[in-house]
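Chain and residue survey
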Amino acid sequence: MAALLYRLGRLAFRHRYLVVLLWISLLTLGGVAAAQAPASGPTTFAMPGTESQRAYDLIDERFEGQKADGATARVVFKAPEGHRITEPALREAIGTAVEALASGAEVAQVTDPFKTKAVSGNQAAAYAQVSYEVSAAELSEASRDELGDVVAEASRSGMTVEAGGAAQKGGKGSHAAEAIGLAVAAVVLLLTLGSLIAAGLPLVTALIGVAIGVCSITALASTLELDSTTSVLAMMLGLAVGIDYALFIVSRYRSELAEGRRRDDAAGRALGTAGSTVVFAGLTVVIALAGLAVVNIPLLTKMGVAAAGTVVLAVLVALTLVPALLGIAGRRIKAPRARHKAARAEGVEGVEAAQGTEGVEAVRNMGSRWAAFVIRRPVSVLVVGVVALCALAVPAASLQLGLPDEGSQPESTTQRRAYDLISENFGPGFNGPLLAVADAKDSENPERAVSEVAAVLKGIDGVSTVGPPRFNEAGDTAMITVIPESRPGSAETEAVVHAIRDEGGDVMGEDGGRLMVSGSTAMNIDVSQKLNDALLPYLALVVGLAFLLLIMVFRSLAVPLKAALGFLFSVAASLGAVVAVFQWGWLSSLIGVTDPGPVMSMMPIFMVGIVFGLAMDYEVFLVTRIREAYIGGHTAREAIVTGFRHSARVVTAAALIMIAVFAGFIGSDEQMVKTIGFGLAAAVFIDAFVVRMTLVPAVLALMGDKAWWLPLRLEAVLPRVDIEGDDLRAEDEPDEVAALPGARS
């Protein structure tokens, strides 16, 4: 691999302007395709194999004209202080609003709160339920605007009027925090590379790769039914890995220049070494993202594949556009004087090996000092690090999963205000009604069977209200609305759903029927359960494949095992941080979490996949440098210090950049994006600075030469993957390479 990438690097360097033109052309084509693509159509959130989905399918089959997943809106009216909602003037204003809502083109039904008795006991509030003929994804902007206009008009009566539900427009999050993340990344690059040109290059290449990826997603959004979160996830990962991959290559290129190589040869060798690391690291991220398909949630699969495609683009940009821009930048990208001195000190063959660890530290920097500190007291460092990670992981033991409801929206939104009004005047359970679907087609007396089930449902602990059954025209299937006492995303509501399925299902089963529970709240519970069940198989798939790749790369059993165990520590500790902030509410106000509750059900599986891929970035880049020194003749301990001297600065910068990029998304109004941004930022911090930079050198120091042992039989059958650049050592010296036909500087 190293030799192939060496040739690719020199080729891109020599034909730099052609390579840049090709990428600019791709960016232009992507932009044109995105601009001309039709607007994104409906995004179908299907959950194959779940009870909620089967209930939806049954409603669509048995209730003609009823769309089970049709969009809904709840318009809440609150009387002014000291007044009642039943006063004639307010009642007339509500009637006018109901008539205006019913006139909408896509509206199927609007309930009058005074006819359905949707008036609070203190007569301070009432609500109207709006049902649409199409799903929330299919609902037109005109219908959403009409809903907003009715709310605004009704508010003129002096009432407080708010609207919640899937039909309501969601607020658009600000991109200011993301821009701050990029600004922090730029500062870190400038401090690391010491040059505006060198610091700007990774930013430019990452932005080009992300722009092409997001344009491609936008162009395909309508065809593949991709939602806005897909683009956000792709942008988040594309920026993070794109900047890091370019940084790895630029840093190695400058090191090669410091050794006195010609620029084209330095570009080739940078790609043959750091580029090999980029290929492998990108492959682990792609495996982790594409592996989300095992969960069998179509939307999640699409998000994973789209994000994986953006990572592939980041790798291709790093391997082609980066060396091309290095050629265009010319001598403006220079290695710092200190690196020239370090390179000259390392150029004497065998000096460091003869002098031992003290000799290795002769050329000191922060990385070598830290490594020397760790290997002098590896047991103490290891114990302290493991204890700290275990302490951080403690909250993860109480992890509760769920999907966000409107109670997690910012308090400035009408959805959140409507949610709060319902909770205060009717009870929190009214924000997440459950829909029990009784299939009595095979019952001897369907009406009697459904009545018995309804009576059982009223007696279940945690149930506030049970509505009257609504039968279909055939009279063999009924829908029953059940209002729990607790909020939609709570553990108490989940217990109610299971109790309805168990107790109600038993009653229906005795009469030859079946009972299913659906609705958005039940669907969220089923999603959480399905994701929880898929976590272990997904973890085994991702870790297993990457473990095999690590064995091939490092020709060792201990190093991959150490990497996998370190990753598990990172995930557990970062999940603990997520639980402490988003579920327990610690420091939640600092990042805009207004209503702590269950953690996003998709968060653990996303964290397992994405963090594993990103953790391998640092593992491969750091340990590759250590192995490179070890097979070059250093002792096991000398190799650790040498590897850290070369790579610690770059790994630190790469981690800070990723943390800055991920942390920028904490400012999003979307709870899913906010949680993922915080979780990934915490995970990168823990994995890079605690696991890779601290525990890894401690474990390697304790194991010594045994860390690099591989059984001979396994060595014989494993394919050879050269990412340390062994093949390049047989290449001609820089001055000889420069003399080859076609060589250019």
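Numbers given for residues are sequential positions, taken from 1 along each chain in its written order. Only residues with pLDDT of 70 or above have their local features reported here, since the model is predicted, and side-chain atom pairs are shown and tallied only from 80 upward, although totals for entire chains, interfaces and linings are computed over all residues. Processing note: side-chain calculations cover all non-hydrogen atoms of the structure and skip hydrogens and water entirely.

**What about the overall build of the chain?**
Here is the rule: Where helices and strands are cited, they refer to DSSP runs of H or I of at least four residues and of E of at least two residues respectively, numbered from the N terminus. Accessibility here uses a 1.4 Å probe with only protein chains present; expressed as a share of the type maximum, an area under 20% marks a residue as buried, one over 50% as exposed, and anything in between as partly exposed. Any two residues having at least one pair of non-hydrogen atoms within 4.5 Å are treated as being in contact. Every accessible area reported is derived by Shrake-Rupley at a probe size of 1.4 Å, with residue values counting cover from the shown protein chains alone.
Secondary structure summary: the chain contains 24 helices and eleven strands in total. The 745 residues of the chain split such that 56% are buried. Taking as baseline every contact in the chain between residues at least 6 positions apart, the subset at least 24 positions apart corresponds to 80%. For the chain, the exposed area adds up to about 30,400 Å²; of that, 59% sits on carbon and sulfur atoms.

**Details of the pairing of strand β4 (residues 160–164)**
To be explicit about the condition: When DSSP finds two or more bridges between a pair of strands, those strands are recorded as paired.
Where burial is concerned, most of β4 is hidden: four out of the five residues are buried. Note: strand β1 (residues 70–78) against β4, five bridges, orientation antiparallel. Bridge pairing in β4 links Val75 to Ala163.

**A word on the nonpolar core**
Under the convention used in this document: As used in this record, nonpolar core signifies buried Ala, Val, Leu, Ile, Met, Phe, Trp, Tyr and Cys residues forming a set joined through side-chain atoms within 4.5 Å.
In this structure, Tyr245, Tyr253, Leu300, Phe606 and Phe662 are the most contacted members of the largest nonpolar core, which totals 156 residues. Setting aside anything within four residues of it in sequence, one finds Phe606 in contact with Leu233, Leu292, Leu300, Met303, Val611, Met672 and Ile676.

**Notes on helix α1 (residues 2–14)**
In an α-helix, one full turn covers 3.6 residues, which means residues spaced three or four apart are oriented alike. Rules: Given the number of residues in a helix, its expected span is that number minus one, multiplied by 1.5 Å.
The first and last C-alpha atoms of α1 sit 18 Å apart over 13 residues, in line with the 18 Å expected at 1.5 Å per residue. Every buried residue of α1 is accounted for by Ala2, Ala3, Leu5, Tyr6, Gly9, Arg10, Ala12 and Phe13.

**A look at empty space enclosed by the protein**
This is how the line gets drawn: A cavity here means a set of points on a 1 Å grid, drawn over the protein atoms and nothing else, where a 1.4 Å probe fits but cannot get out; a pocket is an open set with protein on both sides within 12 Å along at least five of seven lines, and a residue lines either one if it has an atom within 4 Å of a point. Grid points are joined across faces, edges and corners, and a volume is the space filled by probe spheres set on the points. Throughout, the ten residues Ala, Val, Leu, Ile, Met, Phe, Trp, Tyr, Cys and Pro are labelled nonpolar, Asp, Glu, Lys and Arg are labelled charged, and all others, Gly among them, are labelled polar.
Tallied over the full model, the rule gives five cavities of 30 Å³ or more. Within this model, the largest cavity holds a volume of roughly 130 Å³. Every residue lining the largest cavity is counted, 16 residues in all, and those nearest its centre are Pro404, Ser408, Arg487, Gly597 and Pro598. Tallied by class, the residues present in the lining of the largest cavity amount to eight nonpolar, five polar and three charged.

**Some remarks on the pairing of strand β10 (residues 514–518)**
Here β10 lies mainly inside the structure; four of its five residues are buried. Across five bridges, strand β6 (residues 434–439) lies against β10 in antiparallel orientation. Each bridged residue has a counterpart across the sheet, and for Val437 the counterpart in β10 is Met516.

**Some details on the pattern of salt bridges**
Applicable threshold: By convention in these notes, a salt bridge is any Lys or Arg side-chain nitrogen within 4 Å of a carboxyl oxygen on Asp or Glu.
Within this structure, the stated rule accounts for 22 salt bridges. In this structure, Asp265 and Arg261 form a salt bridge, with 3.7 Å as the shortest nitrogen-oxygen distance. Connected through shared salt-bridge partners, Arg252, Glu256, Glu259, Arg261, Asp265, Arg269 and Glu628 make up one network.

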